[in-house]
Amino acid sequence: MSNLDLILERIHLRHDPRWSARGVCVACVLELIDREDVSTVRKSAALTGALELLKTTGVVRDILQQDERVCLHFTSSLLMLIQLLLDLKREQFVQHVLDELQTQLGEAAGGRVLPYLTFLGKLVDALLLGGDECVQVVSVQCVSAVLTHSPSQYCAAFIQADLPEFLFERLSCTDEVLLWSVYGCLLLLCEDAAFFSQCHSIYGIESLVRSLKAVLKLPNLEVQNQGLKLLTATLERQPTGVRLFPTVPGFVGVAEVVQGGVVSSCFRVSTQAARAATALFRVHHQCSPVHYGELKRTVEALASRCAEVPSHITSQRRRWVSDSESCSQSFRAAVFLIQALTSFQEACRLAEECVTEASVKDNTLTAPDVQNEDTRESLCLCLLHCCDTAIIPTVTRVCERVPSPRVLQLFFSVLSLQFSLSPSLTPAFATKLASSGFIRLALEHKARLCPGNRHSSLNAACCGFLLKLCVCLLSQPDPVTGSHLQGVEEVEYVLRDCLPSLCCHACDWPSVLAEVPAENQNLQFCLLHLLYLSLLHGDRMLSDAAIFSSVVRSVCVLQEQHGSLPQSVLQSALYLLAATQENSPDLDWVSLNSIGEALSSTPLSFSPLSSPHPALLRFIFHYPGLAERLGVRVLSGWLAGGLEQAVCGQKEHSQPDLEQTLESSVVLELLKKNPSTVLTLLGVLCEEDVSVASRAVQVLRCYLQAGCSSGSVHSHLLKPALLGLLQRLTCDSTDSSTVPGCVCAVLEVLCLVQKNSSALSDLDNTDFKLLYHVSNLVGKVKCSNTEYLQPALNYLYCCLSLCPTHTADRGVMELLQVLLNLSHSPSLSSLSPSPPLVCSSLLLLSSLITLQHTHSAQVQKSVCLELDSIVRVLTFCKRHTDSLVLVCMVRLVQAVLDVDLSSPVVCVSECAGLQRPLQPADGVLHPLGYRGATSLLTALQSLLLQKQELLLSASVNCLRSLMDFLYRRKPAIAQHVVNQPWNRFLLYSLLNSGENLMLHPATLSLLTLLVHWSGGIKQWESDVECVCEAAERRGVKELGENSTHTLRLLLTECSVFSLSEQLKVRVCSLLECLDQLPPQETNTSASVQVGALSICSADFRVNTHTFTQ
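The rules behind these values
Think of each chain on its own: its residues are numbered from 1, step by step along the sequence as written. Confidence filtering applies because this is a predicted model: local features only for residues at pLDDT of at least 70, side-chain atom pairs given and counted only at 80 or more, and all residues used for totals across whole chains, interfaces and linings. Side-chain figures throughout are based on the complete set of non-hydrogen atoms in the structure, without hydrogens or water. In DSSP terms, a helix is any run of H or I states spanning at least four residues, a strand is any run of E spanning at least two, and both are numbered starting from the N terminus. With a 1.4 Å probe rolled over the protein chains alone, any residue whose accessible area is under 20% of its type maximum counts as buried; one over 50% counts as exposed, and the rest are partly exposed. Note on contacts: a residue pair is in contact if any heavy atoms of the two residues lie within 4.5 Å. Per-residue accessibility takes into account occlusion by the displayed protein chains alone, with areas from the Shrake-Rupley method and a 1.4 Å probe. A fitted line through C-alpha atoms represents every axis, and for helices the fit uses only the stretch in contact; the resulting angles, taken between N-to-C directions, go from 0 to 180 degrees. An angle below 35 degrees is treated as roughly parallel, one above 145 as roughly antiparallel, one from 65 to 115 as roughly perpendicular, and anything else as oblique. A crossing counts as left-handed when the near helix is turned anticlockwise from the far one by less than a right angle, and as right-handed when that turn is clockwise. Each residue gets one of three labels, nonpolar for Ala, Val, Leu, Ile, Met, Phe, Trp, Tyr, Cys and Pro, charged for Asp, Glu, Lys and Arg, and polar for the others, Gly among them. Pairs of N or O atoms within 3.5 Å make up the polar contacts considered here, provided that, within protein, one atom can donate a hydrogen while the other can accept it, and that residues adjacent in sequence are counted only when both atoms are side-chain atoms. Two strands pair if DSSP finds at least two bridges between them. For a helix, the expected span equals 1.5 Å multiplied by the residue count minus one. Nonpolar core, defined: a set of buried Ala, Val, Leu, Ile, Met, Phe, Trp, Tyr and Cys residues in which side-chain atoms within 4.5 Å join the residues together. Here a salt bridge means any side-chain nitrogen of Lys or Arg lying within 4 Å of a carboxyl oxygen belonging to Asp or Glu. Side-chain rings of Phe, Tyr and Trp, where Trp is taken by its six-membered ring, are said to pair if the distance between their centres is within 6.5 Å; with planes under 30 degrees apart they count as stacked, over 60 as edge-to-face, and otherwise as tilted. What pLDDT reports is the predictor's confidence in each residue, on a scale of 0 through 100. Note on terminology: disulfide denotes any pair of cysteine sulfur atoms within 2.5 Å.

Student: What is the right way to read the overall build of the protein chain from this model?
Tutor: What the protein chain contains, in helices and strands, is 54 helices and six strands. Expressed as a percentage of the 1109 residues in the protein chain, the buried residues total 53%. Of the contacts made within the protein chain by residues no fewer than 6 positions apart, 75% connect residues no fewer than 24 positions apart. Carbon and sulfur atoms make up 53% of the accessible area of the protein chain, which totals about 48,800 Å².

And the structure:
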């Protein structure tokens, strides 16, 4: 060979001279490279010489152009350079070659790049398949340089050569530099559509996911960011017609990578992962069925990272502080927040599209009774929860100091989307937003950032959010009244029309409201609605005084211009006035009259008065003129709006808890502040709606039973008003068919008033007129008209029971005569099927007998009473008789026994079975007879064993009256009855039924009665000791008022007899303890309501009077 080793002398002679030039034989070089017996060093020297020849312009080209076959063979032979370099195992050689290629590619122009590119393509395959990662890095960087230089020209060629496939295979390495280079090269390749059309994205996505999962565990943030960029580009550019994730595992893997990137500590990585999430949320990337669980976890990761965004961020990079690390971090946080909101917005849109998109569906393979997170509803709930707990707090915190238009635009768009995702939760979400001041927030940002057509996108987002929020709030029932705002569609139209142009601060609203041009009032209407909704939910955008004065002025002008206001505007204005009245001056006469005209001209069914807010009630009753004009309408609307839970009528035996509900407290507050309001409430009784009248009665019951009113209210307001109502309602009625239905409600209220009247007040002229009209009414109705008779008889019974004992004889006689005229009505001469009505009749007759006997009044008419029939019911029919009827029967028998079976009021018929001539015992006990007396005794003892509260008291009182009656007629019979063994068994049963029953007033009274009438304590001493021991154990302070009196009576009765020393000490000690108790007042006028029946408690207290015999 020559000095340059470019001519192989042994074989050169057979080569054609045309292959030689300037001392170089191309044919010799080719053969030298192909021969295996030539060393690598010699081949290297030959290639170096060939390289020098290549630098001479046109020489090699002229030689190779002579024969195409030779040219191809030469090019292929040069590729042996790769193997040569690999055999040398010297990195600097490879680096040198690639650097030279890259330099020449950069300097080359036009078509001269193609030879290099062709060579490089062959070079790449070999290098990438080699095992040296350093060589692979340099190779990938060379390809990247080519693509960067002219991507449109050479990208398709690389793709056609399946270079992406080789690159995806290299992603399994762990070298960070190589990974970064491969990510970058693939990023350049995926810019060409052929990358996706030839399915390289589908082939490589699995490798990319595996690589990113490993990379995210490495500390190199640049590699993570580069890999996520490639993932984002793949997701964004994948054609919609070709699914990237045909199966669930592929989608899950990508979602896990995105989640891992989002929670990175570096905001740059988190931002890039959020961009990938945005692309992943596109509907064509969803697998079938949709994996909502992974979508939820991705959303939760975004929300969690958002919560870590610092409060002080900047959305614009400032050049003069660009080197500041804190500023850079702040800017990156702002970029992440914007991208996270964009991603969140895309997730919300995906949830919307999943409803109508046929290509996606819920996981139908899960059993219906299994809790499954893979549902659209679970995703929507997650979006709403993350919005509530992370997005809202973060954005409001970040934008509190320096609001960002882009952040706010995305924020309000995200909030708007929530209203269509979870319809069942939207009302609560809207209420929370309004109560947190979001109406004010959106309006203030509009006013600050959007005047003069600036930030039109933000303005549109704010308007869309406000419109959806307001419509949702207006569509909900009022939380207090349950009513809806009138004309929601009309309000929606006004808001849609005016919100885009509304860009003024709230402090300027009063001046806007004051200017009411007749041709354009929608802006004023819009402001009134916005003020109404914000104030309704606790957000005061203006001071009360400013709202009040502005609304008054606006309403007056509008009313003067048009004579009426739209119902929705009137309702909003009235609420604003009512809610701000307390902190504002009172209206003048002109304004008051204008508001009254506006309300009066409105049909009731469409009026705000049909379901008023509590504040409106207070507002109207604050002004007597409005109350007189509209009070009945507004109270009727209030009571018709569902006041059932605000009154105590549902629980018959429980005391009303007046502070339990807002509804009851509102009405009671009105009644307390102005007692004359009760007259307006009485006017509601005459309403045609029976349920409204019934609720008015229940409210009055709560008011009266709670002791909120005084005697002056009763005498000066209620009774005269009730008398006027009765006179007006019953003046033209001739029988029950002509009596108005509202009379029942009037009678109920009358009974309530009478029961709550002072027991020490005399009956006046109004009382007697009331008695006259009530008795006349009772005489007109039939026995079957329980709805009229029950309250009427309750009222008459209350009048008798509560009548003061010092009333003049003339007044009592007039009262008795009225009641006796009533006693001949069919309702009292026969038992009605209605137990409460029967009870009222029996109690009324009992009170009549007792009162006549007390005052010795003259009676012209009497009632026939078959006593043996009552005894038979008490003895044989008690199981089939209402317990209250039994109690009232026993009370009537007691009253008859107390007057010795003889009264002008009743004529007691002779008991059946008496023989003529009468036996001595029957004659003494006539008309009851001995058999009747023993039957009654047995019946009372049996009733005591039932151990029911009212039966215990009524039966022991009647038993005492029976013993008094027997002793008056014949003491021997009384002694005989007391000493019967049955009494011992009865007492034993009561004393051994627990401590409560042992110390019950009825048990103590029974023992007292037995001790007294037996004439000694010897046979009852053990029973008295048991009672004393129980009283000492409990303590006399713990005993009730009636038990205290009956215990004192028992101990006093026992102390007159000879006692054992131990029992005597006990009795004396207990009496001393009882004497030390403070005096207790007994309310003899108290009454209780048991269902429809009114009962005077004094009639059923155990008798504690001392024995007269």
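Student: In this structure, what is going on with the packing of helix α22 (residues 426-435) against helix α24 (residues 456-475)? I would like to understand it.
Tutor: When two helices pack together, their arrangement is given by the angle between the helix axes and the distance between those axes. α24 packs onto α22 with a crossing angle of 115° between their chain directions and a minimal axis gap of 9 Å. Viewed along their axes, α22 and α24 adopt a mutual orientation that is roughly perpendicular. Relative to α24, the crossing made by α22 is left-handed. Counted together, T426, P427, A430, T431, L433 and A434 of α22 and F465, L469, C472 and L473 of α24 form the full contact between these two elements. Broken down by class, the residue content of the contact of α22 with α24 amounts to eight nonpolar, two polar and no charged.

Student: Help me understand the side chain of T232 in this model?
Tutor: If you trace the backbone, T232 turns up in helix α15 (residues 221-237). Reaching out from T232, the side chain makes a polar contact with the backbone nitrogen of A276 at a distance of 3.5 Å.

Student: Explanation requested: the pairing of strand β6 (residues 1093-1096) in the structure shown.
Tutor: Consecutive side chains of a regular strand alternate in pointing toward one face of the sheet and then the other. Side chains L1093 and I1095 project from β6 onto one buried face, and the interleaved S1094 and C1096 project onto a second face that is buried too. Relative to β6, strand β5 (residues 1087-1090) runs antiparallel, the two sharing four bridges. Following the sheet pairing, Q1089 is matched in β6 by S1094. Taken together, β5 and the strand that follows it, β6, pair antiparallel across an intervening segment of two residues, in which G1091 is found at a positive phi of about 65°.

Student: Could you clarify how one ought to interpret the side chain of Q581 in this entry?
Tutor: Among the structural elements, Q581 can be located in the loop between α29 (567-580) and α30 (589-600). Of the residues examined, Q581 reaches a relative accessible area of 7% and is grouped as buried. Only 2.4 Å separates the side chain of Q581 from the side chain of Y623, close enough to count as a polar contact. Discounting chain neighbours no more than four positions away, the residues touching Q581 are F548, D586, F619, H622 and Y623.

Student: How should helix α18 (residues 292-306) be read in this particular structure?
Tutor: One full turn of an α-helix is made of 3.6 residues, so residues set three or four places apart face in the same direction. Between the first and last C-alpha of α18 there are 21 Å, a value that for 15 residues agrees with the 21 Å anticipated at 1.5 Å per step. Across the 15 residues of α18, twelve count as buried, placing the element largely inside the fold. Looking only at α18, the buried set comprises Y292, G293, E294, L295, K296, T298, V299, A301, L302, A303, R305 and C306.

Student: I keep staring at unusual backbone geometry and nothing clicks. Help me out?
Tutor: In most cases, non-glycine residues show a negative phi, while peptide bonds are predominantly trans. The omega torsion across S288 and P289 is 0°, close enough to zero to call that bond cis. Checked against the element boundaries, P289 lands in the loop between α17 (267-280) and α18. The omega torsion across H926 and P927 is 5°, close enough to zero to call that bond cis. Tracing the backbone through its elements, the reader meets P927 in the loop between α45 (920-924) and α46 (929-944). In the Ramachandran plot, C199 falls in the positive-phi region, its phi being about 65° despite a non-glycine side chain. Relative to the helices and strands, C199 resides in the loop between α13 (194-197) and α14 (200-215). We note that N453 has phi near 60°; this positive angle belongs to a residue other than glycine. Mapped onto the fold, N453 is located in the loop between α23 (438-449) and α24.

Student: Teacher, can you tell me more about the environment of G437 here?
Tutor: Mapped onto the elements of the fold, G437 is located in the loop between α22 and α23. With relative accessibility at 12%, the residue G437 sits in the buried group. On a C-alpha basis, the gap between G437 and D539 in space is 5.7 Å, while along the polypeptide they are 102 residues apart.

Student: Would you take a moment to explain the nonpolar core for this structure?
Tutor: As a rule of thumb, soluble globular proteins bury nonpolar side chains together. The biggest cluster of nonpolar side chains holds 339 residues, and the ones touching the most others in it are L189, L231 and F619. With sequence-adjacent residues up to four places away left out, F619 is seen in contact with F548, L577, A578, Q581, L587, I595 and L626. If you look at the next biggest cluster of nonpolar residues, it comprises seven residues, including W19, V26, C28 and L30.

Student: Help me understand the environment of V290, please; the structure alone is not making it clear to me.
Tutor: Within the secondary structure, V290 sits in the loop between α17 and α18. Note: C-alpha distance between V290 and R376 (86 residues apart in sequence) is 8.7 Å.

Student: What is the right way to read the pattern of salt bridges from this model?
Tutor: When the charged atoms of two side chains lie near each other, side chains of opposite charge can form a pair. Applying the stated rule across the entire model yields 24 salt bridges. In this structure, the salt-bridge partner of K719 is D767, at a minimum N-O distance of 2.8 Å. Here the residue K719 occupies a position in helix α36 (residues 711-730), and D767 occupies one in helix α38 (residues 765-780), the gap between them amounting to 48 residues. Across this residue pair, the class does not change: K719 and D767 are buried. In this structure, the salt-bridge partner of R1101 is E1041, at a minimum N-O distance of 2.7 Å. Pair noted here: R1101 is in the segment after β6 and E1041 is in helix α53 (residues 1041-1055), with a separation of 60 residues, a long-range link. Take R1101: its relative accessible area is 23%, and that puts it in the partly exposed class. Salt bridges sharing partners connect three or more residues here, namely E995, E1029, R1033 and R1034.

Student: I tried to follow the packing of aromatic side chains on my own but got confused; where do I start?
Tutor: Think of a pair of aromatic rings as described by two things: how far the centres are apart, and how the planes are tilted against each other in angle. What the rule picks out here adds up to 15 aromatic pairs. Ring geometry for F411 and F438: centres 6.2 Å apart, planes at 45°, overall tilted. One end of the pair, F411, is in helix α21 (residues 405-418); the other, F438, is in helix α23, and 27 residues separate them in sequence. The buried category is assigned to F411, whose relative accessible area is 1%. Residue classification places F438 among the buried positions, given a relative accessible area of 5%.

Student: Where do I start with the confidence of the model for the protein chain in this structure?
Tutor: Should the pLDDT be low somewhere, the predicted coordinates at that spot are not to be read in detail. Confidence in the prediction for the protein chain averages 80 pLDDT; 79% of positions are at 70 or higher. Taken together, the stretch residues 318-323 has pLDDT below 50 and engages in one contact with residues farther than four places along the chain or on a different chain.

Student: What should I look at first to understand the packing of helix α44 (residues 883-898) against α46 in this one?
Tutor: Between α44 and α46, whose axes approach to 12 Å, the crossing angle comes to 140°. Considering the angle they form, α44 stands oblique to α46. Remark: the crossing between α44 and α46 carries left-handed chirality. On α46, the residues touching L886, V890, V893 and L897 of α44 are L936, L940 and L943. Class assignment of the residues belonging to the contact of α44 with α46 gives a composition of seven nonpolar, no polar and no charged.

Student: What am I meant to see in the environment of T881 here?
Tutor: Structurally, T881 is set in the loop between α43 (867-876) and α44. Considered as a pair, T881 and P835 are 46 residues apart in the sequence and their alpha carbons are 8.8 Å apart. There is a polar contact of 2.6 Å between the side chain of T881 and the backbone oxygen of C877.

Student: Quick question: what am I supposed to make of the state of the cysteines here?
Tutor: One covalent bond between the sulfur atoms of two cysteine residues makes up a disulfide. Inspection of the entire model under this criterion finds zero disulfides. Of all cysteine sulfurs, the one in C1028 lies closest to C1026, which takes part in no disulfide; the gap is 9.3 Å.

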